[in-house]
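Inside the fold
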Amino acid sequence: MLRAAVKTGTCIVVLAVAFATLKPTAATRQRAQGDRKALTIENIVGRQGGARQAALSPDGKWVAVAGDGPQGSGIYLAAPGDSTAPKLWTEGSNPVWFPDSGRIAFLRGSELWSVGVNAADASQVTKEQKDVRAPSVSPDGRTIAFYSSRSGYQDIWLVPSDGSTAVRQLTREAMAQDDPRFVPAWSPDGRQIAYISNKSDYWHDDLWLIDVASGKSRQLSRNLMAASVPAWSPDGRSLALLGNAKKGYWYEDLQDIWVLDAASGAERVVKMQVFATDSLHNLPVYWSGDGAQLYFVYHERGDYNLWSVPSGGGIATRVTHGLGSLRSLATTAKGDAFVYVRSGPVQGSEGEYVAAIGGPPKQLTEFSDGWEKVRAPVEVSYRSFDGLYIQGFMYLPPDMKAGAKYPALVQVHGGGTNSYLRTQNLLEHYLASKGYVVMAINYRGGSGFGREFQDIGVNDWATGQAHDAALAADFMRSLPYVTGKVGIYGYSYGGIMSMATIARHPEKFDAAVPMAGIYDFADALTNADRLGKIFAQTGHGGPPEKRKEVYARSSTLARLPNVKTPLLIMHGEADVRAPFRQYELAVAILKKHGKTFESKSYPGEPHGFRNPANRIDMYQRLESFLDKYLKQ
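In this report, we go over the structure that sits alongside the text. (Residues numbered from 1 in each chain as written. Predicted model: local features only at pLDDT ≥ 70, side-chain atom pairs only at ≥ 80, totals over all residues. Heavy atoms only, no water.)

**With respect to the overall build of the chain**
- Across its full length, the chain holds 11 helices and 38 strands.
- Taking 2.2 N^0.38 as the reference for a compact globule, 632 residues should give roughly 26 Å; the C-alpha atoms of the chain span a radius of gyration of 24 Å, in line with that estimate.
- Among the 632 residues that make up the chain, the fraction classed as buried is 59%.
- Between the mean site of the 69 positive side-chain charges and the mean site of the 62 negative ones, the chain shows a separation of 3 Å. (Helix = DSSP H or I, 4+ residues; strand = E, 2+ residues; numbered from the N terminus. Rg over C-alpha atoms; globule rule 2.2 N^0.38 Å. Buried < 20%, exposed > 50% of the residue type's maximum accessible area, 1.4 Å probe, protein only. Lys, Arg positive; Asp, Glu negative; His and termini not counted. Charge placed at Lys NZ, Arg CZ, Asp CG, Glu CD.)

Laid out in structure tokens, this is it:
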């Protein structure tokens, strides 16, 4: 996160199937007739149409969809049984239904609001001008729990749903201030709230219960590293959540389902032949209305789908069969229907509905933009240094001419233990439209290929993974339509990979653009945020003083004198996930050794850039740099 490269083997090519619905929608027909946005950097960075979140009412009659739709940005109201288009309901985001299915709580700015179904006016619940996030309504509808960092920690606060009295702090020092991942989970009787906390151990995320009336809390889990919001069983006796054993590896996107007894805390893992996906801690597990089934999302080769397994364990089976990513999963009170947001290879984010009984999903929205020059990527495999085949998604120039040759790019994804998804990846589409053959690779250690494939990345960050990227360059040069010039780029762990590869394989690439990367994990542990520290330490099997050889193996700073590839390094100056000091250290070494490089940092920008102008500037610099070294 060095061995000599071996000759790339024969490529196995499979055409990717475009994401499809049962019949063309009006939006699809418009796009087919040419009503599409120009594929420019300014457009792909700017605000785009698409669904962001979907929430299904407890009775299953309504869906609240937050996003950018045809009537503007806000929350739209849809009815699964109605064919009419969703109507803009109210300005805001993060919709959460009340138990009576008559209204929602939601966020508008930094405050909590509520609004009734088909009502014209919303009511403001909080009026404090302090941060509010992750609202959750009590079973009786009288109270809303939410998270806020106003205490100096991520704590749960309570407020009457009518806003009649002031907010009340419920938890104390529940979670680190820089770790806003989870949502409060009310028990069916409304007496307790389940939540995730690190207060017993900085390095662990445990499941806790707190009594709403008294404020007394107790730690329920002891052996698992929690990764999702806990879900109460319908009878209130058990809780299900995603996580890994503390004695194991802290994976993201590949989790066990754990079921805990709410009284005793007794833990068990639901045994099945696949693993659940939490998608960066945003996809929980759900119970069926009778408690017999658990529903979860599974990631397989770049695609997310909804699955089901008996709550006692057994054979897991697939509910949906879509291509691309899936997020914002929600269900009814009975667990008999689901909504979620899906984005496919060429289609943007749209809300979908599927009944638990089965059948095809129903697309609820037509929010996403159509794009010029966007074509589904081709799924390929190439053989790496040790004989394993690595998946890639190849984006070809849309106006590719017979006999012509193009420079090539290898994209390395972020997340490390995550993967590149078969979704609408507009930067790769854009670069392909500019005359590049782009291949995004799912190097070893990532999710979607089984636990054993992920395990080979453990304690070997940036090493075997860098070999995978180096062999991707060999494969690209073997293609008859590639000029022989190949570049590499990536953001976050992709920045790690870009720099790691050119330092370990100095002859493989003609240009490199590492962005927002970590180049020495031991140093990053001194000033990263909590998740960055957990990620680095668990990925190396412990702290640097106990795992010197492992940290030495992953360090790229020590190998920067080997670099021969011209490179452009970029970073946000307020980044604490991949600390900005990593950029400063790398730049200093590159200067000292007289390397050919350019550098650019962005004041005030965290790990995920917030200012669109800075993101545009970064992409423009990336394109210009690649053109300079690969097209001339």
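**Looking at the sheet that holds strand β13 (residues 168-169)**
- In spatial order, the strands read β10-β11-β12-β13; together these 4 strands make up an open sheet with antiparallel pairing. Every other strand in the sheet has two partners, leaving β10 (133-137) and β13 as the edge strands with one partner each.
- As paired strands, strand β12 (residues 155-160) and β13 are joined by 2 bridges and run antiparallel to one another. Directly across from Trp157, in β13, lies its bridge partner Gln169. (Pairing = 2+ DSSP bridges.)

**What about the packing of aromatic side chains?**
- Inspection of every chain in the model, using the stated rule, returns 18 aromatic pairs.
- Ring centres of Tyr295 and Phe338 lie 4.7 Å apart, and the angle between their planes is 55°; this geometry places the pair in the tilted category. Residue Tyr295 is located in strand β24 (residues 293-300), and its partner Phe338 is located in strand β28 (residues 337-343); the two are separated by 43 residues in the primary sequence. Per residue, the accessibility class of Tyr295 equals that of Phe338, and both read buried. (Phe/Tyr/Trp six-rings, centres within 6.5 Å; stacked < 30°, edge-to-face > 60°.)

**Some details on the sheet that holds strand β15 (residues 192-197)**
- A sheet is described by the order of its strands in space; here 4 strands give the open sequence β14-β15-β16-β17, paired in antiparallel fashion. Taken across any chain shown, the strands that pair with only one partner, and hence form the sheet edges, are β14 (185-186) and β17 (217-219).
- The pairing of strand β16 (residues 206-211) with β17 spans 3 bridges and is antiparallel. The residue bridging Leu209 from the neighbouring strand is Arg218, located in β17.

**Description of the pairing of β12**
- Summarising burial for β12: 5 of the 6 residues are buried, a large majority.
- The antiparallel pairing of strand β11 (residues 143-148) with β12 creates a hairpin that spans 6 residues between the two strands, and Gly152 there sits at a positive phi of about 95°.

**Thoughts on unusual backbone geometry**
- A positive phi angle, near 65°, is found at Ser101, a position not held by glycine.
- When you line up the elements, Ser101 lands in the loop between β6 (93-97) and β7 (103-108).
- Here Ser101 falls in the buried class, since its relative accessible area comes to 5%.
- Even without a glycine there, the phi angle at Ala134 is positive, about 55°.
- Along the chain, the position of Ala134 falls in strand β10.

**Considering the nonpolar core**
- In this structure, Met439, Ile441 and Met476 are the most contacted members of the largest nonpolar core, which totals 60 residues.
- Counting 35 residues, the second-largest nonpolar core is a separate cluster that includes Trp371, Leu431, Val438 and Ala511. (Core = buried A, V, L, I, M, F, W, Y, C linked by side-chain atoms within 4.5 Å.)

**Some words on helix α6 (residues 493-504)**
- For α6, spanning 12 residues, the distance from its first C-alpha to its last is 16 Å, which sits close to the expected 16 Å at 1.5 Å a residue.
- With 12 of 12 residues buried, α6 lies mostly within the body of the structure.
- Within the sequence span of α6, burial applies to Tyr493, Gly494, Gly495, Ile496, Met497, Ser498, Met499, Ala500, Thr501, Ile502, Ala503 and Arg504. (Expected span 1.5 Å × (residues − 1).)

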